[in-house]
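Spelled out from the first residue to the last, the chains are:
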Amino acid sequence: LYDGAVNADSTVCCVVLDDNGVIKAIRFDVTQFKVTVKADGSVAGVAAGDRIISKNEKKEAYGMGGRAAAGEWYVQAAAFEQYCIGKTVEEVLGLELGEDGKIVDADIKATCSIIVSDWLKALEIAAADAR
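The rules behind the values
Residues numbered from 1 in each chain as written. Predicted model: local features only at pLDDT ≥ 70, side-chain atom pairs only at ≥ 80, totals over all residues. Heavy atoms only, no water. Disulfide = S-S within 2.5 Å. Buried < 20%, exposed > 50% of the residue type's maximum accessible area, 1.4 Å probe, protein only. Pairing = 2+ DSSP bridges. Helix = DSSP H or I, 4+ residues; strand = E, 2+ residues; numbered from the N terminus. Axes fitted to C-alpha atoms, helices over the stretch in contact; angles between N-to-C directions. Contact = heavy atoms within 4.5 Å. Phe/Tyr/Trp six-rings, centres within 6.5 Å; stacked < 30°, edge-to-face > 60°. Lys NZ or Arg CZ within 6 Å of the ring centre and 35° of its normal.

*Asks:* Account for the state of the cysteines, with residues named and values stated.
*Replies:* One pass over the structure, following the stated rule, counts zero disulfides. Free cysteine: Cys14, not disulfide-bonded; nearest cysteine sulfur from Cys13 at 6.6 Å. The cysteine Cys84 is free of any disulfide, with Cys13 supplying the nearest cysteine sulfur at 7.8 Å. Assessed through its relative accessible area of 0%, Cys84 is described here as buried.

*Asks:* Can you break down the sheet that holds strand β3 (residues 43-45) residue by residue, with the values?
*Replies:* Overall, antiparallel pairing links the three strands, which are arranged β1-β2-β3 in an open sheet. At either margin of the open sheet sits one strand with a lone partner, and together these are β1 (4-17) and β3. Ignoring strand direction, the axes of neighbouring strands in this sheet form an average angle of 25°. Where strand β2 (residues 23-37) and β3 come together, three bridges link them in antiparallel fashion. In the sheet register, Thr36 faces β3, and the bridge partner there is Ala44. Together, β1 and β2 form the strand contacts of helix α5 (residues 117-130), whose direction differs from that of β1 by roughly 45°.

*Asks:* Lay out the pairing of β2 with the relevant residues and their values.
*Replies:* Both β1 and β2 contribute to a ladder of 14 bridges, which runs antiparallel. Bridge pairing in β2 places Val6 opposite Val35. In this antiparallel pair of consecutive strands, β1 and β2, the connection spans five residues, and Gly21 shows a positive phi of 80°. Here β2 folds back onto β3, and the loop between the two strands holds five residues, one of which, Gly41, carries a positive phi near 95°.

*Asks:* Lay out the packing of aromatic side chains in plain terms, naming residues and giving numbers.
*Replies:* This structure, assessed with the given rule, holds five aromatic pairs. Seen from their ring centres, Phe28 and Phe80 are 5.8 Å apart, and the 40° between their planes marks the pair as tilted. Of the two residues, Phe28 is situated in strand β2 and Phe80 in helix α2 (residues 73-84); the sequence distance between them amounts to 52 residues. Taken together, a centroid distance of 5.9 Å and an interplanar angle of 20° make the contact between Phe80 and Tyr83 stacked. Highlighted residues: Phe80 and Tyr83, both in helix α2, separated by three residues, approximately one helical turn. Residue Phe80 is classed as buried on the basis of its relative accessible area, which comes to 0%. Residue placement shows Lys87 over the ring face of Tyr83; its charged tip is 4.2 Å from the ring centre.

These figures capture arrangement, not role.
Shown next as structure tokens:
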């Protein structure tokens, strides 16, 4: 036996569409569940009943701002949300992504340089539910 880790991310998207499928409001968020399982069977990390705080809620405490040229996670998410408003779901889903799941377009990438592939999957599901 050996020590190991369990990580699970949950990506959500809430979207408001007009009658033509244009995005009027949108919000992305992610929660991360991380625990360590020791070889002796003990578990460390999130305990039963603990509230898991999302990346948007963590703000600067998420700690990405110093490493990312485009800023902290919630700042980049807000910039991408602003980009999406006024576009159709299809336009946003049609964004070109690199193999790393990041946006290729330099103008968008200047304000959102993080992986968005899971966001687009969440948008697709949210839009289908909204219609």
